[in-house]
Structure formats: structure tokens, C-alpha cells
Amino acid sequence: RWGTVMQELTARGIPLHTVPLVPSKDDLALVSLELEEPIRVGHVARAHVDVVGNVEQAWLALKVAGEVLVERGFRCPDRARVTLEFVPPSAGFLPVEIHLDAPTDADSDPDSNTIATTVAVQDPIRVLHLGARVQGSAGALRDLIGDGFELESITGAAINGSVDLASRDLLIVDEAH
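Residues numbered from 1 in each chain as written. Predicted model: local features only at pLDDT ≥ 70, side-chain atom pairs only at ≥ 80, totals over all residues. Heavy atoms only, no water.

Turning next to the overall build of the protein chain. The helix and strand tally for the protein chain stands at 2 helices and 9 strands. Listed N to C, the secondary structure of the protein chain is α-β-β-β-β-β-β-β-α-β-β in terms of helices and strands. Here the protein chain holds 177 residues, and 33% of them are scored as buried. Put simply, of all contacts in the protein chain between residues at least 6 apart along the chain, 65% involve residues at least 24 apart. Working note: accessible area of the protein chain is about 11,100 Å², and carbon and sulfur atoms make up 51% of it. (Helix = DSSP H or I, 4+ residues; strand = E, 2+ residues; numbered from the N terminus. Buried < 20%, exposed > 50% of the residue type's maximum accessible area, 1.4 Å probe, protein only. Contact = heavy atoms within 4.5 Å. Areas by Shrake-Rupley, 256 points an atom, 1.4 Å probe, with all protein chains shown as cover.)

Once that is clear, we can look at the pairing of strand β5 (residues 92–101). As paired strands, strand β3 (residues 45–64) and β5 are joined by 6 bridges and run antiparallel to one another. Looking across to β5, one finds that K63 is bridged to E97. (Pairing = 2+ DSSP bridges.)

By size, the foremost hydrophobic cluster in this structure holds 30 residues, and its most contacted members are L60, L62, F74 and I98. Those elements that provide at least two residues to this core are β1 (29–35), β3, β4 (67–86), β5 and β6 (114–122). (Core = buried A, V, L, I, M, F, W, Y, C linked by side-chain atoms within 4.5 Å.)

Take the environment of I98 next. Residue placement: I98 occurs in strand β5. Residue classification places I98 among the buried residues on the basis of a relative accessible area of 0%. Considered as a pair, I98 and T114 are 16 residues apart in the sequence and their alpha carbons are 5.6 Å apart. Setting aside anything within four residues of it in sequence, one finds I98 in contact with L30, L33, V49, L60, A61, L62, L84, N113, T114 and I115.

With that out of the way, let us pick up the sheet that holds strand β7 (residues 125–130). Judged by pairing direction, the sheet is parallel, and its 3 strands sit side by side in the order β8-β7-β9 without closing on themselves. With one partner strand each, in any of the chains shown, β8 (149–154) and β9 (170–173) form the two edges of the open sheet. Averaged over all pairs of adjacent strands, the angle between strand axes in this sheet comes to 20°, irrespective of strand direction. Most of the contacts of helix α2 (residues 137–145) go to β8, to which it runs at about 165°, and overall it touches β7, β8 and β9. (Axes fitted to C-alpha atoms, helices over the stretch in contact; angles between N-to-C directions.)

Moving on: the side chain of H48. Mapped onto the elements, H48 comes out in strand β3. Residue H48 is classed as buried on the basis of its relative accessible area, which comes to 13%. For H48, the side chain forms a polar contact with the side chain of E36, separated by 2.8 Å. Residue contacts for H48: discarding those within four places in its chain leaves S32, L33, E34, E36, R81, V82 and T83. (Polar contact = N/O pair within 3.5 Å; in protein donor to acceptor, adjacent residues only side chain to side chain.)

Positionally, A120 belongs in strand β6. For A120, a relative accessible area of 46% gives the class partly exposed. When the C-alpha positions of A120 and I39 are compared, they lie 7.0 Å apart, and in sequence the two are 81 residues distant. Setting aside residues no more than four positions away along its own chain, A120 makes contact with I39, G92 and F93.

So, about a nonpolar patch on the surface. Residues L165, L171 and V173 make up a contiguous nonpolar surface patch of roughly 260 Å² in combined accessible area. Tracing the backbone through its elements, the reader meets L165 in the loop between β8 and β9. (Patch = residues over 30% accessible without salt bridge, like charges linked within 9 Å, V, L, I, M, F, W, Y side chains within 5 Å. Salt bridge = Lys/Arg side-chain N within 4 Å of Asp/Glu carboxyl O.)

What follows deals with α2. Every buried residue of α2 is listed here: S137, A138 and L141. Taken end-on, α2 shows its buried residues confined to a sector of 95°, consistent with a single buried face. Turning to α2, the residues buried within the fold contact β7, β8 and β9. (Arc of directions from axis to C-beta.)

Laid out in C-alpha cells, this is it:
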């Protein structure tokens, strides 16, 4: 099924690296890393990691810019897909690394225990809150929506052409009279 595609890629001089998905009895290996997109600062991101091998207990650690953000234990009876959830610490291009830790008797080749990529993390959603009817409503709204949003709150009287509405992703109007 993939033979024609592989031949076309190699004919064009594109390097092709393959990883056999047949698990060795004494080796555990990371074979793929997929991240759900879009990834936005302040929001939960999900990384799906495929592992092949046989082990009763192993651990995955997800690092962003060298800092461990999440660790998770799992069991792998031939193949496993492990989902790791994390909150990106900042916007921009961030290096993401997954590291596999397993008992030495289940992992004869530690060279296959790390997989890395760089992800694009988007800025927070820009929200303009138009309203001051309720005292303290901006703070309560900020607490409700969380860190994935950049909230600016102004009164309706403050809009006099000086606010660029087009630069906002979301407008919340709380000025009904």
C-alpha cells in the first residue's frame, strides 16, 4: 500500500526513515507523537503518544522547554496510545519532548525512548468586555474564563472611536438598558 509513495519520495531525493511497528519482546519504543491543534496558551493541550512493546508498567514524561509538565504511568500489551494533557506556559514556538521510562528488562534499546517536536502555541483569545453595569463583573468574568483569555474591560461610554474592535477575537456586551 505504501510502496508507491515510498518509491516516489526516494526518487525525489527525500530521506525516508521508517520504524518497524513489530514489537520486540524485550524493547519498548515510542513510534509517534500527535498534538491536537490549535494549541493556545492557557488552554489544555493534548499529546497522543503511540508506544509499542510489552511491559506491565512504564512512564511517559512530557517536557516543554526542558521542564516536565506532566508524567503518566501506563501499561503496554504490544501497543498503547497514551494521551498526555498539559497547559502550554507561553505562546510561540515551543520544543516538546516525550521521554519513556521503563524497567531495563523491558527496554533493551534506550535510543528509542525519546521523541521530540516543536509546536506553535497561539496567543490567548483577545476578549473585549463592554460593560460595567455590575461592579466587579470584569474580575468575576476573568476568574470564570481562565488564563487562556486576554480580557480588557471598558464601559460603553469609553467607546468613542479609540477602541479597535477588529483587533479582538470576542466581544462580550453587558450594557443592555
